[in-house]
Amino acid sequence: MNTELFKEISELDTEKIETSFAEIDKMDTLSILNLINKEDQLVALAVKEVIPIIELVVEKCIECFRKGGRLLYFGAGTSGRLGILDAAECPPTFGTELNMVQGHIAGGKEAVFVAVEGAEDNILDGIDKIKELEVGSKDLVCGISASGRTPWVLSALKQAKLQGAFTFLITTNSNRDYVELGIDVVICPNVGPEVVAGSTRMKSGTAQKMILNMITTTSMVRLGKTYKNIMLDLQPKNNKLKERAKKVLMTITGIDKHNAEKVLAETKYNVRLARDKILNSNK
């Protein structure tokens, strides 16, 4: 038995067992749903407390993107999947280059759909991935780990720091000395124990998703990827998004649907270009 690891895991905030939830297995469906919902409401408040730290990270992201750098997410399991999700949504939402925001998961692409046992403990793989990506001083590397101890994630962060990148960690476990790990910034909302002990796909995962949304959305708004609160650089590559593009153009310029369709067709559905074309023609 690995006594040291057992002790470490047992002391994590994310492993705490809340006695007030102990009767959940005897509750009816409605009571369980109300309990989960009540606990989920605490997540937004916990995230609110760490907004000043998130602000610091966003400012670093903006600086990074303006220099042509990348935001790279590293996580295992749920955390890794959340990073991939956020990265995958940036190109269609904000028109970013595919490599600008990237999500990487322990165990590789297969682990997105099926758990790859032992992948999160592979320290050398985390290091090798950073080297393979040729991470440098322009880049930001974000570790996502509810426990704050995932070996694959921490090894990647350490190597990224050695290669000159700015590093930060999103975790929901405060019971750890992150200073000794050399990470530049730690975002650590206190979401409290999970309704089902240790199931960090729940409140911890919700907090991670909220923070990732805040980081990329705020960065893109500051970089001019929206007009007011409207998506300007969306990529209309399916029928739904084409209709959304028409609505956006009509809202921004005041033209009717027929003319919106005409200008969008002329600009190959580049909403920004279509807007500029209409506004310039009205001068």
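Relevant structure appears above.
Remember, it's a predicted structure, so these values are computed and weren't measured experimentally.

Rules used throughout
Residues numbered from 1 in each chain as written. Predicted model: local features only at pLDDT ≥ 70, side-chain atom pairs only at ≥ 80, totals over all residues. Heavy atoms only, no water. Core = buried A, V, L, I, M, F, W, Y, C linked by side-chain atoms within 4.5 Å. Buried < 20%, exposed > 50% of the residue type's maximum accessible area, 1.4 Å probe, protein only. Helix = DSSP H or I, 4+ residues; strand = E, 2+ residues; numbered from the N terminus. Contact = heavy atoms within 4.5 Å. Phe/Tyr/Trp six-rings, centres within 6.5 Å; stacked < 30°, edge-to-face > 60°. Lys NZ or Arg CZ within 6 Å of the ring centre and 35° of its normal.

1. Structural notes on the nonpolar core
If you look at the biggest cluster of nonpolar residues, it comprises 33 residues, and the most contacted ones within it are Leu71, Val101, Phe168, Ile187 and Ile215. Mapped by element, the contributors of at least two residues to this core are helix 2 (29-49), helix 3 (51-66), strand 1 (71-75), helix 4 (77-94), strand 3 (140-144), strand 4 (166-170), strand 5 (185-187) and helix 8 (203-222). The element best represented in this core is helix 3, accounting for seven residues. Ile187 has contacts with Val50, Ile53, Ile54, Val57, Phe168, Leu169, Ile170, Thr171, Ile211 and Ile215, leaving out every residue within four places of it along the chain. Listed in part, the 19 residues of the second largest apolar core include Ala119, Ile130, Leu133 and Tyr178.

2. Topic: the packing of aromatic side chains
Enumeration according to the criterion identifies one aromatic pair in this entry. Between Phe74 and Trp152, the ring centres sit 5.3 Å apart and the planes meet at 40 degrees, which makes this aromatic pair tilted. Residue Phe74 is found in strand 1, and its partner Trp152 is found in helix 7 (residues 151-162); the two are separated by 78 residues along the sequence. Judged by its relative accessible area of 0%, Phe74 is buried. Cation over ring: Lys242 sits above Tyr269, and NZ or CZ is 5.6 Å from the ring centre.

3. Overview of unusual backbone geometry
Despite not being glycine, Lys228 shows a phi value in the positive range, around 55 degrees. As for its placement among the helices and strands, Lys228 is situated in the loop between strand 6 (226-227) and strand 7 (230-231). The class for Lys228 is exposed, based on a relative accessible area of 67%. A positive phi is found at Tyr269, a non-glycine position, where the angle reads about 60 degrees. Here Tyr269 shows up in the loop between helix 10 (257-266) and helix 11 (271-281).

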